Amino acid sequence: MKLGITMEGGASRTVFSCGVTDAFLEEHIMPDYFIGVSAGIAYGISYLSGQKGRNLEIIQKYMPDKRYMGARHLLNRENRSFYNISFVFDEIPNKLLPFDYDAFARFPGKVVAVVTNIHTGEAEYLEVPRRDVKSRVIVASCALPILFRPVKIGNHYYLDGGLRDSIPYRQAIKEGCDKNIVILTRERDYVKKKERGGELSGRIYRKYPKVGEALKNRAEAYNRCRKELYEAEKRGEVFVIAPRTTLGVGRTESSAARLTALYEEGYRQAKEQMADLKKYLEDTH
């Protein structure tokens with residue numbers, strides 16, 4: 001058996017997935033292949049390094065901190081992102097709440113982040129370096145249009161992987177995973193609507209028409225992906241964990257109480273589904 005775990009992004013809503021993965025650590029469930037998008041990969045690496053509770057501490061202690069996110073960081077010419085890049089991706093993991101790079105390096109599986117190439121408008125699947133203290137691949141995967149500036153890696157610039165592949169479970173299957181757990185950050189009945197900022201994004205990225213096209217078609221592609229995912233679930237090909245409710249938590253939520261409640265929802269739901277999950281993992285048919 002080769003187990004793949006896919007974590008959707010969703011910015012602050014991804015704290016639901018943090019509760020799920022902390023429950024997985026208690027049950028000693030670890031993948032052979034992990035793929036995440038945006039916050040899904042940013043939070044996912046704490047799971048892969050075995051640091052149970054680390055994401056919860058970030059949620060409670062640092063996400064409400066004004067140094068973490070806010071419009072003033074977007075207006076800062078040196079930062080130009082809604083999230084304070086140096087604080088979130090450097091000061092926290094390297095000083096305030098150390099990330100265990102050694103444990104992450106020992107993780108034997110493959111770790112992949114989804115990014116969108118700003119030139120081609122296509123998804124790319126980049127392996128996450130184990131000791132990158134600047135987290136460039138992860139920052140690129142998190143680079144939401146408008147809220148982040150594009151991130152350069154090698155000779156190319158990238159934006160959030162969710163523009164083209166929000167739920168990349170098919171990549172896990174392509175990589176040979178015959179068992180797949182998919183952790184969503186939206187309720188099962190959620191239907192994505194066309195985003196109001198689409199026209200603005202199109203103007204901002206007018207030099208990159210492929211990105212504009214991806215933004216224009218994002219809702220339709222996302223809804224189609226979810227439909228196909230649920231069909232795969234019915235066939236027994238994947239095991240899906242999704243929040244019953246996101247408790248009104250938005251993309252840029254910073255309330256420690258609300259974020260903690262959504263984390264607890266994820267933990268509780270994983271525990272409730274654990275027996276079915278283990279049966280799925282043990283089933284050889």
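This write-up is about the structure you can find in this document. Quick caveat: nothing in here was measured; it's all calculated off a predicted structure. (Residues numbered from 1 in each chain as written. Predicted model: local features only at pLDDT ≥ 70, side-chain atom pairs only at ≥ 80, totals over all residues. Heavy atoms only, no water.)

### Examining the overall build of the protein
Scanning the protein for helices and strands turns up 13 helices and 8 strands. In summary, the protein has a C-alpha radius of gyration of 18 Å against a globular reference of 19 Å for 285 residues, a match within 12%. With respect to the principal axes defined by its C-alpha atoms, the protein has extents near 50 × 40 × 35 Å. Taken over 285 residues, the protein has a buried fraction of 55%. The long-range fraction of contacts in the protein, counting pairs at least 24 apart against all pairs at least 6 apart in sequence, stands at 74%. By element, 49% of the accessible surface of the protein is carried by carbon and sulfur atoms, the whole surface being about 13,300 Å². One finds the centroid of the 47 positive side-chain charges in the protein at a distance of 7 Å from the centroid of its 37 negative side-chain charges. (Helix = DSSP H or I, 4+ residues; strand = E, 2+ residues; numbered from the N terminus. Rg over C-alpha atoms; globule rule 2.2 N^0.38 Å. Buried < 20%, exposed > 50% of the residue type's maximum accessible area, 1.4 Å probe, protein only. Contact = heavy atoms within 4.5 Å. Areas by Shrake-Rupley, 256 points an atom, 1.4 Å probe, with all protein chains shown as cover. Lys, Arg positive; Asp, Glu negative; His and termini not counted. Charge placed at Lys NZ, Arg CZ, Asp CG, Glu CD.)

### Quick word on the pattern of salt bridges
In total, this model carries 17 salt bridges according to the counting rule given. Between Glu265 and Arg268 there is a salt bridge, with its nearest N and O atoms 2.7 Å apart. With Glu265 and Arg268 both in helix α12 (residues 256–272) and 3 residues apart, the pair spans about one turn of that helix. Overall, Arg268 belongs to the partly exposed group, its relative accessible area being 39%. (Salt bridge = Lys/Arg side-chain N within 4 Å of Asp/Glu carboxyl O.)

### Considering the nonpolar core
Among the nonpolar cores identified, the biggest contains 73 residues, and Phe24, Met63, Tyr68, Phe148 and Leu277 are the most heavily contacted of them. Looking at which element gives the most residues to this core, the answer is helix α1 (residues 15–26), with 7 residues. Setting aside residues up to four positions removed in sequence, Leu277 forms contacts with Phe24, Ile29, Ile181 and Phe239. Formed by 12 residues, the second largest nonpolar core is a distinct cluster that contains Leu184, Tyr222, Cys225 and Ala232. (Core = buried A, V, L, I, M, F, W, Y, C linked by side-chain atoms within 4.5 Å.)

### Points about unusual backbone geometry
Positive phi, normally seen in glycine, also occurs at Arg80, with a value near 50 degrees. Accessibility expressed as a relative area gives 45% for Arg80, which makes it partly exposed. The backbone phi angle of Ser135 is positive, close to 55 degrees, even though this residue is not glycine. By secondary structure assignment, the location of Ser135 is in the loop between β4 (123–127) and α7 (136–141). Residue class for Ser135 comes out buried when judged on its relative accessible area of 12%.

### Topic: helix α3 (residues 54–62)
All of the buried residues along α3 are Arg54, Asn55, Leu56, Ile58, Ile59 and Tyr62. Lining the buried residues of α3 we find α1, α2 (39–48), α5 (85–96) and α12.

### Digging into the pairing of strand β3 (residues 110–117)
Within β3, 7 of the 8 residues are buried, which leaves the element mostly enclosed by the surrounding structure. Relative to β3, strand β2 (residues 33–37) runs parallel, the two sharing 5 bridges. Across the sheet, Val37 pairs through a bridge with Val114, a residue of β3. Bridge count for β3 against β4 is 5 bridges, and the pairing is antiparallel. What sits directly across from Ala113, in β4, is Leu126. (Pairing = 2+ DSSP bridges.)

### Focus: the environment of Gln171
Mapped onto the secondary structure, Gln171 falls in helix α8 (residues 169–174). Note: C-alpha distance between Gln171 and Glu122 (49 residues apart in sequence) is 14 Å. The residues touching Gln171, leaving out its near neighbours within four places in the chain, are Tyr33, Ile35 and Tyr125.

### Digging into the packing of α3 against α12
Relative orientation of the contacting elements α3 and α12 amounts to 160 degrees, with a least axis distance of 8 Å. Looking at the two axes, α3 sits roughly antiparallel to α12. Two packed elements cross with a definite hand, and for α3 against α12 that hand is right-handed. Residues Leu56, Ile59 and Gln60 of α3 form the contact with α12, whose participating residues are Ala256, Leu259, Thr260 and Tyr263. Along the lines of polarity and charge, the residues of the contact of α3 with α12 split into 5 nonpolar, 2 polar and no charged. (Axes fitted to C-alpha atoms, helices over the stretch in contact; angles between N-to-C directions. Parallel < 35°, antiparallel > 145°, perpendicular 65-115°, else oblique. Left-handed = near helix turned anticlockwise from the far one by under 90°. Nonpolar A, V, L, I, M, F, W, Y, C, P; charged D, E, K, R; others polar.)

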